[in-house]
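Overview (structure and organization)
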Amino acid sequence: MEIKQFIDYLKNEKKTSDNTCDAYSRDLTAFSAYLQERGVMNINDAGSADVAAYMMALKNEGKTRATANRKLSSIRSYYKYMQKLGKIQENPTEDIKSPRIEKKEIEYLTVDEVERLLETPDDSVKGIRDRAILEVMYATGIRVSELIELKLRDVNFRMGFITCNGEHGRARIVPMGGIARRALDDYMLNSRGRFMEGKDENNPEGPLFVNYKGEAFSRQGLWKVLKKYGELSGLDGKLTPHILRTSFGVHMVQNGADLKSLQELMGNEDIMAMEIFLSVTKNRIKDVYDRTHPRA
């Protein structure tokens, strides 16, 4: 009951995305099941020893530190909410430290790899659509969930920007470059209507990008599109929606974008999450120094 109340709070008051709410629900349900195995039948009766034991159990199961951190974050957020409601006096996660995560190098495509990818779709009805999808993803850096939720009304074709209703229900305006705009115009004139036969293709509430049924893409459907062109362009195994998004961020920073502006474009709430892009710039500066300084 308490878990459902917390999830309802996230959905209705915090405007948290469905995917994030589902992750919270899974994490808390798994923790509750673990507690019951320990004889703690109510999640609100757990103590710090129970949480510490759960973290150790996750480690013994071979869970990664990133997974353990995410689960601990879900549990911590839940107990903070229970404290706020006055249902518990102390937060049992208060003294539990998050496992340290080794920093990984950011994965992204080079500009040449992106160019190769974007040149892959042919001029068929499907190819025109797929080129528009790839161009818009790279031009804007939006998430997959944001792309498949774009409606016709979210695109300002004359001014060249999209209104993106991102996580937490906060809308942001993201500009598109000329190449992406032309690819989108081509899709609207020569492709979208062919998929929308028998449907109102001018309905502003209709999905921008549609599948062969004239309906919005699913995440899996869009993933198949990317996988296909990853294979055709020789990027098989390297291309994912997230890597295309990080490529957008890396290339922006490499060409002089500041982190604050990039944060707004990408819709990230935490500026600290953007610092990973700085590592690429630092590595590039070091390479330039090593190549050009006479005493490097």
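Residues numbered from 1 in each chain as written. Predicted model: local features only at pLDDT ≥ 70, side-chain atom pairs only at ≥ 80, totals over all residues. Heavy atoms only, no water.

**Let's talk about the overall build of the protein**
Stated formally: Secondary structure elements follow DSSP: runs of H or I of four or more residues count as helices, runs of E of two or more count as strands, with numbering from the N terminus. Throughout, exposure labels follow a simple rule: accessible area from a 1.4 Å probe, protein chains only, divided by the maximum for the residue type, with under 20% read as buried, over 50% as exposed, and the rest as partly exposed. Whether two residues touch is decided by their heavy atoms; if any such pair falls within 4.5 Å, the residues are in contact. Each accessible area is a Shrake-Rupley result for a 1.4 Å probe, and residues are judged covered by the shown protein chains and nothing else.
When its secondary structure is counted, the protein shows 13 helices and three strands. Put simply, the protein has 296 residues, and 42% of those count as buried. Here the contacts in the protein between residues at least 6 apart in sequence split such that 57% fall between residues at least 24 apart. Only carbon and sulfur atoms are counted for the fraction: they give 49% of the accessible area of the protein, which is about 17200 Å².

**What about the sheet that holds strand β2 (residues 161–165)?**
Inclusion rule: Strand pairing is assigned whenever DSSP detects at least two bridges linking the two strands.
With antiparallel pairing, three strands are arranged side by side in an open sheet as β1-β2-β3. Whereas interior strands pair on both sides, the edge strands pair on one side only; in this sheet they are β1 (155–156) and β3 (171–175).

**Describing the side chain of Thr140**
Applied cut-off: Pairs of N or O atoms within 3.5 Å make up the polar contacts considered here, provided that, within protein, one atom can donate a hydrogen while the other can accept it, and that residues adjacent in sequence are counted only when both atoms are side-chain atoms.
Summarising the element assignment, Thr140 is placed in helix α6 (residues 125–140). Exposure remark for Thr140: the relative accessible area of 0% places this residue in the buried category. Within polar-contact distance, the side chain of Thr140 engages the backbone oxygen of Val136 at 2.6 Å. Aside from chain neighbours lying at most four places away, what touches Thr140 is Ile162, Val174, Pro175, Met176, Phe248 and Leu265.

**Some details on the nonpolar core**
Inclusion rule: Only buried residues count toward a nonpolar core. Its members are Ala, Val, Leu, Ile, Met, Phe, Trp, Tyr and Cys residues joined through side-chain atoms within 4.5 Å.
Leu147, Leu184, Phe209, Leu244 and Phe277 are the most contacted members of the largest nonpolar core, which has 49 residues in total. Elements supplying a minimum of two residues to this core: α5 (111–118), α6, α7 (144–148), β2, α8 (178–190), α10 (219–232), α11 (241–254) and α12 (259–266). Residue contributions to this core peak at seven residues, all from α6. Those residues in contact with Phe209 that lie beyond four places of it in its chain are Arg129, Ala132, Ile133, Val136, Leu147, Leu184, Tyr187, Glu215, Ala216 and Phe217.

**Quick look at α8**
Let me state the cut-off plainly: Helix span, expected: 1.5 Å multiplied by one less than the number of residues in the helix. Relevant arc is that of directions from the helix axis to the C-beta atoms, nothing else.
Its 13 residues place the ends of α8 18 Å apart at the C-alpha level, agreeing with the 18 Å of an ideal helix rising 1.5 Å per residue. Every buried residue belonging to α8 is among Ala180, Ala183, Leu184 and Tyr187, and all of these are buried. Each buried residue of α8 lies within a common arc of 100° when the element is viewed along its axis, so the set occupies one face. Exposed and facing more than 90 degrees away from the buried side of α8 are Arg182 and Leu189. Buried residues along α8 sit in contact with α6, β1 and α9 (192–195).

**Observations concerning the packing of aromatic side chains**
What counts, and what does not: Pairing of aromatic side chains requires ring centres within 6.5 Å, counting the rings of Phe and Tyr and the six-membered ring of Trp. Pairs whose planes differ by under 30 degrees are stacked, by over 60 edge-to-face, and all others tilted.
Inspection of the entire model under this criterion finds 10 aromatic pairs. Between Tyr34 and Tyr54 the ring centres are 5.1 Å apart and the planes differ by 50°, which places this aromatic pair in the tilted class. Of the two residues, Tyr34 sits in helix α2 (residues 18–37) while Tyr54 sits in helix α3 (residues 48–60), which places them 20 residues apart along the sequence. In this structure Tyr34 comes out as buried when scored by relative accessible area, which is 16%. Under the relative-accessibility criterion, Tyr54 is labelled buried at 5%. Judged by centre distance (5.1 Å) and plane angle (70°), the rings of Tyr78 and Tyr79 are edge-to-face. Residue class for Tyr79 comes out buried when judged on its relative accessible area of 0%. A connected cluster of aromatic rings, assembled from ring pairs, spans Phe6, Tyr9, Tyr24, Phe31, Tyr34, Tyr54, Tyr78, Tyr79 and Tyr81.

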